[in-house]
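# Coordinates in review
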Amino acid sequence: MAVQSVLLTDLYELTMLEAYRAEGMAGRATFEFFVRAVPGGRGFLVAAGLEQLIDYLMNLRCEPDDLAWLAGTGRFDAGFLDSLRDLAFTGDVDAMPEGTVFFADEPILRISAPLREAQLVESRAINLLHFQTLVASKAVRCALAAPGRTLVDFGLRRAHGAEAGLLSARATYLAGFTGTATVAAGRAFGVPIFGTMAHSYVQAHDDEAAAFEAFARARPRNAVLLIDTYDTERAAHKVVALARRLGTEGLAIQGVRIDSGDLAALAAKVRTILDEGGFPRITIFASGNLDEYRLRELVGAGAPIDGFGIGTRVNTSADAPYLDCGYKLQEYEGVPRRKRSAAKATWPGRKQVYRRYAADGRWQGDVVTLADEPADGEPLLRPVMRGGTLVAPLPSLQESRMLLQQELGRLPEALTRLDPVAPPRPAVSASLVRLAEAIDART
């Protein structure tokens, strides 16, 4: 599913590789991916996208047509391009499992590999981890705002491209959504798929009631009717009349959808019409520019809405459309490296994150340490690949969903509310601080 071409990278990755080769720099390098800040007053982030990154690494190669195109640009030495013919990922990967809750300045991925491999994958690694982490971290807030409700990803049509639409369906499901309207996500990831009807279906018919009946007969096991094309309350009465007729034939209408207007008020009126008509089991589904804040309002107001279709605002993470993240060199040929740029300094060396829990099992705090430094708590970065080969099969998407639910259950309530909060930052071990000071003293 994922785009695999080695050319899906930034030019500077290739120019650096050519320069490294000219200098004979082929030693082992360690890079780490992390987020510098949790955006928008949120309490935490959710690690996602590892499965797609691993697929990319396992299929990393330069195809003959890639090399031919690069040669045609006239930018690269023939010897350098020839050296890419045997390119493959042979390194090690350690990562937080998908579904892990994490915070700013915590590495969620560590890649150790020959320099050209570790460097070349930078752009795609950021691309894959950033996007799904961004969407999952937004979507989980919707799940927290509307517990027990059906939540369906409606975001494909306004996603920023086909891959974004597909991967956001995966990320929202990981975060706790019930399913997606994106059919290809069902095939690619096993995400349950849901669908209703569009206004165009109703408009294509001369009569709204006739449209409802035709659709219900065509979809006898899953008829959800869109009732706000013209007048929502009148349409609800038409649904009651239709449900009575179909009931004599053993057919049932599963639900109705409202996509516009005052959703809480309309849902209350429609619920009354359906209940008084004898159909309390017909569900009400709502959609239309929803996000976690709108869900909180509707749920808090007691709106009788059983499920929500959520699209644009989550698939684009509208209030925080990017994460300030990086993939930085931490060690080369066994020597720790440290970036000291203003507001973008990094802690040096290969690192580990330990999570500590209180006696009751609740989250107590994280600490970032050197990778080989013993510490109390649960290590979050786990071995994923060694020598370019998977250590063990990756967790399934369902297992990642379950992990996230366990993680949420152990967080303090203040971090899972939608109210703005100062997100915690991990402690930094004394050994790591001393290492940084030693490096600063000599540079």
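Everything discussed here concerns the structure shown above.
The residue count restarts for each chain, going from 1 along the sequence in the order it is written. Reporting in this predicted model follows two pLDDT cut-offs: at least 70 for local features of residues, and 80 or more for side-chain atom pairs to be given and counted; totals over whole chains, interfaces and linings ignore these cut-offs and use all residues. The side-chain numbers reported here are obtained from all heavy atoms of the structure, hydrogens and water having been left aside.

The way it works is that DSSP assigns letters per residue, a run of H or I at least four long becomes a helix, a run of E at least two long becomes a strand, and they are numbered from the N terminus. Across its full length, the protein holds 17 helices and 19 strands. Counting only C-alpha atoms and orienting by the principal axes, one finds that the protein spans roughly 80 × 60 × 35 Å. Whether a residue is buried, partly exposed or exposed follows from its accessible area with a 1.4 Å probe, protein chains only, as a fraction of its type maximum: under 20%, in between, or over 50%, in that order. In the protein, which comprises 443 residues, the share counted as buried stands at 50%. Split by element, the accessible area of the protein, about 19500 Å² in all, is 52% carbon and sulfur. Neither His nor the chain ends is counted toward charge; the positive residues are Lys and Arg and the negative residues Asp and Glu. The location of each charge is read from NZ of Lys, CZ of Arg, CG of Asp or CD of Glu. Here the protein carries 50 positive and 54 negative side-chain charges, and the mean point of each set is 2 Å from the other. For the area figures, the Shrake-Rupley method with a 1.4 Å probe applies, and any residue is considered shielded solely by the protein chains shown.

A word on unusual backbone geometry. One non-glycine residue, S317, adopts positive backbone phi at about 45°. For S317, the location among the structural elements is in the loop between α14 (312-315) and β12 (325-332). Residue classification places S317 among the buried residues on the basis of a relative accessible area of 0%. A positive phi angle, near 50°, is found at E333, a position not held by glycine. Counting through the fold element by element, E333 comes out in the loop between β12 and β13 (335-336).

This part is about the sheet that holds strand β8 (residues 224-226). Read from one edge of the open sheet, six strands run β7-β6-β11-β10-β9-β8, paired in parallel fashion. Single-partner strands in this sheet number two, and they are β7 (179-180) and β8. Against the sheet, helix α12 (residues 263-276) makes contact with β9 (255-258) and β10 (283-287), and its axis sits at roughly 160° relative to β10, the strand it touches most. The pairing criterion is simple: DSSP has to find at least two bridges between the two strands. Any two residues whose heavy atoms approach within 4.5 Å at even a single point are treated as in contact. Note on geometry: axes are lines fitted to C-alpha atoms, helical ones only across the stretch in contact, with angles between N-to-C directions running from 0 to 180 degrees.

Before going further, it helps to examine the environment of G377. Along the polypeptide, G377 turns up in the loop between β15 (363-370) and β16 (378-379). For G377 and D86, which are 291 residues apart along the polypeptide, the C-alpha to C-alpha distance reads 41 Å. Other than its neighbours up to four places away in sequence, G377 contacts Y354, R355 and R356.

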